Amino acid sequence: MMKYEMSEPIGEDSIKKSDGYYISKKSLIAIVTAFVLLLVGVAVLFYFIPRPSNEDEVVCPSVVPPPSDDPEDDIECPPMPDIPVEGPTESDPFYGRLSEDIKPKHYTVWLKIYLDPKDATKQYSFDGNVSIVMHVYATTNTIKIHVRDLNLYHENTYLTDSLQNDVAISHLYEDEVNQFYVIETATPLAAGEDYIFHANFDAPLTLNFHGLYRSFYGTPPNVVDLVASQCQSVAARTIFPCFDEPSFKATFDMIIVHRDKRHALSNMPVINETNIEDDWIETTFETSLVMPTYLLAVVVSDFPSLDLVDGDLTFRVWAQPDYITAANYSLHIGLKMLRFFEEHYGIPYPISKLDMVAIPQFLAGAMENWGLVQYSEGTMIYDPEVNTPSRKQTVALVVAHELAHKWFGNLVTMDWWEHIWLNEGFASFVTYLGVDHVEPDWKYWDSFHVLDMASAYTADSRSSSARPLILPVGWNSEISSMFDTITYSKGAAICRHFRSFLDESVIHNGIKDYLQTYQYSNTVSDDLWAILTRADEGFKGTDVKMVMDSFTLMAGHPIVTVNRTDTNTVIVEQTYFLTDPIDYYQDQYPNNGYIWHVPLTYTDSSYPNFLRPKEDWLYKDPLVINLAGLKDQDWVLFNIDKWGFYRVNYDDDNWQKLANQFKTDHTVITDQSRASTIDDAFKAAEPFHTDVINALRLTEYLDKEFENVVWETVLTNLDYTHRMLLRTAEFYLLEVYWSQKVRPLYESLGWDFSLGGHLDYFQRISAIETACTYGTEDCVTQALEQYRHWMSTGVNDIRDEVRSTVYCTAIRHGGLDEWEFAHAQVTNDTFGTTETDRLQSAMGCTDKSWLLQRYLEDENFATSTVISNIRGKSAVGYSLAWDYTMNNFEKLGLSYKTVWDFKDYMNTQYDLDQLNVFGSRNSNMSSDSAKGFYDAVQRVETNMDWMNKNKDSVKQWLLQVMNISATKTATKGATTDVPRPDTPSRQLTDQGPLIVDGKLGANRIPRISEELYQLQSHRKHKG
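Residues numbered from 1 in each chain as written. Predicted model: local features only at pLDDT ≥ 70, side-chain atom pairs only at ≥ 80, totals over all residues. Heavy atoms only, no water.

**Points about the overall build of the protein chain**
Next, step 1: The helix and strand inventory of the protein chain stands at 29 helices and 31 strands.
Next, step 2: Residue pairs at least 24 apart in sequence account for 70% of intrachain contacts in the protein chain once pairs closer than 6 positions are excluded.
Next, step 3: Total accessible area on the protein chain is roughly 43,700 Å²; 51% of this is exposed by carbon and sulfur atoms. (Helix = DSSP H or I, 4+ residues; strand = E, 2+ residues; numbered from the N terminus. Contact = heavy atoms within 4.5 Å. Areas by Shrake-Rupley, 256 points an atom, 1.4 Å probe, with all protein chains shown as cover.)

**Side note on the sheet that holds strand β23 (residues 558-566)**
Remark on secondary structure: sheet strands pair via backbone hydrogen bonds, oriented parallel or antiparallel.
Next, step 1: Taken in spatial order, the four strands of this open sheet run β27-β24-β23-β29, and their pairing is mixed. Every other strand in the sheet has two partners, leaving β27 (623-626) and β29 (647-650) as the edge strands with one partner each. Averaged over all adjacent pairs, the angle separating strand axes in this sheet is 25°, with direction ignored. (Pairing = 2+ DSSP bridges. Axes fitted to C-alpha atoms, helices over the stretch in contact; angles between N-to-C directions.)

**Considering the sheet that holds strand β17 (residues 313-318)**
Next, step 1: The strand order β16-β17-β18-β20-β19 describes an open sheet built from five strands, whose pairing is mixed. Two strands close off the open sheet at either side, each with one partner strand: β16 (305-310) and β19 (366-367).
Next, step 2: The sheet strands contacting helix α2 (residues 328-345) are β16, β17 and β18 (353-359), and the helix crosses β17 at an angle near 145°.
Next, step 3: Helix-sheet contacts for helix α3 (residues 389-404) involve β18, β19 and β20 (372-376), and the interaxial angle to β20 is about 150°.

**Focus on helix α14 (residues 708-716)**
Next, step 1: Of the residues making up α14, those classed as buried are Asn708, Val709, Val710, Trp711, Thr713 and Val714.
Next, step 2: Summarising the contacts, the buried residues of α14 are in contact with α12 (671-685), α15 (718-725), α16 (731-749) and α17 (758-773). (Buried < 20%, exposed > 50% of the residue type's maximum accessible area, 1.4 Å probe, protein only.)

**Describing the packing of α17 against helix α18 (residues 777-793)**
Next, step 1: Between α17 and α18, the shortest axis-to-axis distance is 8 Å and the interhelical angle comes to 100°. Regarding the angle of α17 to α18, the classification is roughly perpendicular. Facing α17, whose interface residues are Ile768, Ala771 and Cys772, α18 presents Cys779, Val780 and Ala783.
Next, step 2: For the contact of α17 with α18, the per-class residue count stands at six nonpolar, no polar and no charged. (Parallel < 35°, antiparallel > 145°, perpendicular 65-115°, else oblique. Nonpolar A, V, L, I, M, F, W, Y, C, P; charged D, E, K, R; others polar.)

**Quick word on the packing of aromatic side chains**
Next, step 1: As enumerated under the stated definition, the model contains 59 aromatic pairs in all.
Next, step 2: Seen in terms of ring centroids, Phe408 and Phe426 are 4.8 Å apart; in terms of plane orientation they differ by 5°. Their pairing is stacked. Of this pair, Phe408 sits in the loop between α3 and β21 (412-414) while Phe426 sits in helix α4 (residues 421-438), placing them 18 residues apart in sequence.
Next, step 3: Aromatic pair Tyr594 and Trp596: ring centres 6.2 Å apart, planes at 40°, arrangement tilted. (Phe/Tyr/Trp six-rings, centres within 6.5 Å; stacked < 30°, edge-to-face > 60°.)

**So, the state of the cysteines**
Next, step 1: Throughout the structure, instances matching the rule amount to two disulfides.
Next, step 2: The disulfide partner of Cys772 is Cys779, and the S-S distance across this bridge is 2.0 Å. Its S-S torsion of about -95° marks the bond between Cys772 and Cys779 as left-handed, since a negative value means left-handed. The two residues Cys772 and Cys779 agree in class, both being buried.
Next, step 3: The partner cysteine of Cys808 in its disulfide is Cys845, sulfur to sulfur 2.0 Å. On the sign convention where negative is left-handed, the bridge of Cys808 and Cys845, at about -105° about the S-S bond, is left-handed. (Disulfide = S-S within 2.5 Å.)

**A look at the environment of Lys873**
Next, step 1: Relative to the helices and strands, Lys873 is located in the loop between α23 (863-870) and α24 (875-892).
Next, step 2: Between the C-alpha atom of Lys873 and that of Cys808, which follows or precedes it by 65 residues, the distance is 9.4 Å.
Next, step 3: In this structure the side chain of Lys873 is engaged in a polar contact, spanning 2.8 Å, whose partner is the backbone oxygen of Ser841.
Next, step 4: Separated by 2.8 Å, the side chain of Lys873 and the backbone oxygen of Asn869 make a polar contact. (Polar contact = N/O pair within 3.5 Å; in protein donor to acceptor, adjacent residues only side chain to side chain.)

**A short note on the pattern of salt bridges**
Next, step 1: Applying the stated criterion across every chain yields a total of 52 salt bridges.
Next, step 2: Note that Lys261 and Asp116 form a salt bridge whose closest N and O atoms lie 2.9 Å from each other. In this pair, Lys261 sits in the loop between β11 (251-259) and β12 (263-266) while Asp116 sits in the loop between β1 (102-114) and β2 (125-136), placing the two residues 145 residues apart along the sequence.
Next, step 3: Note that Arg647 and Asp679 form a salt bridge whose closest N and O atoms lie 3.0 Å from each other. Of this pair, Arg647 sits in strand β29 while Asp679 sits in helix α12, and the two are 32 residues apart along the sequence. (Salt bridge = Lys/Arg side-chain N within 4 Å of Asp/Glu carboxyl O.)

**Quick word on the packing of helix α19 (residues 803-813) against helix α21 (residues 833-843)**
Next, step 1: Relative orientation of the contacting elements α19 and α21 amounts to 30°, with a least axis distance of 8 Å. For the element pair α19 / α21, the angle class is roughly parallel. Once α19 is placed against α21, the crossing between them reads as right-handed. Between α19, through Arg803, Ser804, Tyr807, Cys808 and Ile811, and α21, the contact on the second element is made entirely by Glu835, Arg838, Leu839, Ala842 and Met843. (Left-handed = near helix turned anticlockwise from the far one by under 90°.)

**Points about the side chain of Arg262**
Next, step 1: With respect to the secondary-structure elements, Arg262 resides in the loop between β11 and β12.
Next, step 2: Those residues in contact with Arg262 that lie beyond four places of it in its chain are Leu115, Asp116, Asp225, Val300, Ser301 and Asp302.

**As for the side chain of Asp911**
Next, step 1: Secondary-structure assignment places Asp911 in helix α26 (residues 909-921).
Next, step 2: Using a relative accessible area of 3% as the deciding quantity, one classes Asp911 as buried.
Next, step 3: A polar side-chain atom of Asp911 sits 2.9 Å from the main-chain amide nitrogen of Asn907.
Next, step 4: Look past the residues within four positions of Asp911 in its chain and what remains in contact with it is Arg727, Tyr878, Tyr905 and Met906.

**Some points on unusual backbone geometry**
Next, step 1: Cis rather than trans, the peptide bond between Pro220 and Pro221 has omega equal to 5°.
Next, step 2: Turning to its location among the elements, Pro221 is positioned in the loop between β9 (211-217) and β10 (224-230).
Next, step 3: Cis geometry marks the peptide bond from Gln232 to Ser233, where omega comes out at 5°.
Next, step 4: Turning to its location among the elements, Ser233 is positioned in the loop between β10 and β11.

**Notes on the pairing of β10**
Next, step 1: Burial within β10 is extensive, with six of its seven residues counted as buried.
Next, step 2: The sheet contact formed by β9 and β10 spans seven bridges and is antiparallel. By the bridge assignment, Ser215 is partnered in β10 with Leu226.
Next, step 3: Taking the residues that link successive antiparallel strands as the turn, the β9-β10 hairpin has six residues, and the phi of Gly218 there is positive, at about 90°.

**Section: the pairing of β1**
Next, step 1: Alignment of β1 against β2, held across 12 bridges, turns out to be antiparallel. Considered in β2, the bridge of Trp110 is made with Asn129.
Next, step 2: As paired elements, β1 and β11 share seven bridges and run parallel to each other. Within β11, the residue paired with Leu111 across the bridge is Ile256.

**Observations regarding the environment of Asn626**
Next, step 1: Within the secondary structure, Asn626 sits in strand β27.
Next, step 2: The exposure class of Asn626 is exposed, given its relative accessible area of 56%.
Next, step 3: Put simply, Asn626 and Thr567 are 59 residues apart on the chain and 9.3 Å apart in space, counted from C-alpha to C-alpha.
Next, step 4: Those residues in contact with Asn626, other than ones at most four positions away along the chain, are Asn568 and Thr569.

**A look at the confidence of the model for the protein chain**
Next, step 1: Averaged over all residues, the pLDDT of the protein chain equals 88, while 86% of them reach at least 70.
Next, step 2: When the criterion is pLDDT under 50, residues 86-90 qualifies, and its contacts beyond four places in sequence or with other chains add up to five contacts.
Next, step 3: Every residue in residues 969-1023 scores below 50 in pLDDT, and together they form 112 contacts with partners more than four places removed in sequence or on other chains. (pLDDT = per-residue confidence, 0-100.)

Have a look at this one:
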């Protein structure tokens, strides 16, 4: 798409006097005003008068171009929103890093917590004082210490030397921009000496979830207060003055004063509890390990605990009284994981206790503090009598992640936040090892492809979310932005990427060496590269930094294209990959032309070897590979088991050969490689690197596939094709196809959740959802029976995991009664938020236009929610939702986002015209809204390109694989020759039943889709 700048408006300076005439200012204004009103009137008249269609009709572009040099070439177009200025916006330079001249050695922190009504005006606050022993590395007279939101008592702030002699302070002030407390001394501080900073302060205990904050459990009037902390990334400075950067490590002595009805926890074991006055207790803790401030933790509560003692280690879990027994699972797997990591990395956990606490309000999800790990309740509490296996899996992976941090983050800490992936990426990767150890039946490692790998690719395939893994940051907001999918998921994928060019033993020994070498200190990514390079000496001799810089210092990742030029030769090339073909990088980040050092692994069907595949390197120039012994019918496969962080595309012939192999014997290719091959094909088809038919052919064997990782991969890739065909005459063919493919999997699993293991549980949920979505007979019957049992008895026995599917299926295939029942449940406020949301969403599943219209007009529901619930469920729902939005946008005060969210389903010229008309009518929208508008236009244009390229070929492929003749589908009233899983008959307006004599009715096309199809064809004919 060409990008244009809007032409500049004509300004006052353009008005000139004509020789021989004089026009007064008032007359000129009157004439101009009348002329403008006349133009507006004519424009409005022509805008609203219907015009006959003709071959010469002008369609205004989505983005209005500047005037042509030839006035006759200019066209009159309605005003459009101003184009937002593109490109990165630079924040002010950051000068807030601490000086290396002074570093802390030891903190003594005293805190007194006020939580009770008897504390009067002090309730929900804390007092504190801190002494910091600092070492001076270079002579200076300025000390900068981080402080934020603390009330410092300046009169009690002082400085002493190591002999307790006072050091004169000439100036004290706060630098609020950089959050520094600045101490200037009258005489310079001597290099090589220690000094001690002393300060007293107080601060409120708020509900802001960072620093030291108030939490609670129970309901009024039985609310019980507690205190928790969250210091990462820059909130320790809100608890006490400190050097709040990760490389400024020190030891800590913590003393906490609290009421005797509570107990205090911190990073280290308690060494003393002393009654100091009335009902106050002073709890003193052992001196901590050397650690950064962001790992400091405090909890003051009345929680009970469970514990396990293993040798010299006490492992405990804490939770509110009602939940403590449900912390038992976390307790047992936590201890097993900790011991596993100790053995795996050869470094023992260095503290004699580890506490894990479930905090009622904990926004971070979980935090890995030394000796005191804090979790939200949902990530630590699992009750098998109440919670599903999904909760159990969440608890296991979060516990594994936090305990992995004891080695990656706590023991070895990144030097600065730009290298946070060394903490979070490694912990995310190692999570799979921990979960596999305690729950081997889950085969959790196989899930990497559909969890972190998929998330990483998604974020890294859009210019709006892709960024270098290592990115310079300074301001607090920039630091917070680093805790994203790129850091966690791409970081984990990069750890996995090592395996594509280093032997497993080299990686393992290198990581152990890395942890041993840098324990209790800080690192940058180059330190890791150097260790791994050294570990590979005598093996492959890889320059790890050269390889990994291209994957960590640039945004995005490559797609590698493999073209077979003859029987024994392939040419391999690379380019950067973005999901949207119109998307592009704007050079907001450094790059080397987006060229990666790509480690290639490959095998072929002449001798398929997935354990020790062949290897090579791809860089700037196309790589020619000779594959001796290959026959014409043989396939080649690259990036074995998706170890490398890149996508692969092939020529059409090789895609076909892989599809043939899948159909002949799919087990020749490993589960992971089957999944990644299918994923690459679908993803490569979106930006037109290959035809979507190549991806769809790979699914033809799926009625023989039962592996979870493959099916999960397939299901995540169905959505785009589903949305594109939803409003077309071809959608019913897609329904038939997927119903047939999922049926064997669905029948093998059924609805009995008491059968099978952990993997069967998740696969059963997916199979039921897919089978019901595409109308498999038994699935629809089961859903209707369960829903109607609820209707007749008032008892909802439907499994929680499949309620959304059952509700939607029953309402889609049922009638008025099913819809009315859901409406009554919601409007009677029978349920909580989760169940209400499920039912409201399901109400949008009906294909009865009058019910959907009633739903849109129902004042019991937020209109924007109803629109969201119906637009993607059916062609009828989309059309009604769009029309209602357009007709009531101003009246109902709908947001622009409500309109932009239609973009994922819009794929015709008519859709684009409608969107542009809306943009024109609202051309005065804000810059942020205008960005949303042009993003939506770009998405629709991309969808249109996909339809123009793929719609007809997808139709022909569907007809071919189901042995349906095109003439039969084109004949009004004909039926298909391929039986569809017989869904209960239902009427779709007046088009005939879904099933005719046990076969799919050819007229099973929603009327609105047919009308839009005709409109699209008409516009296409007009050009």
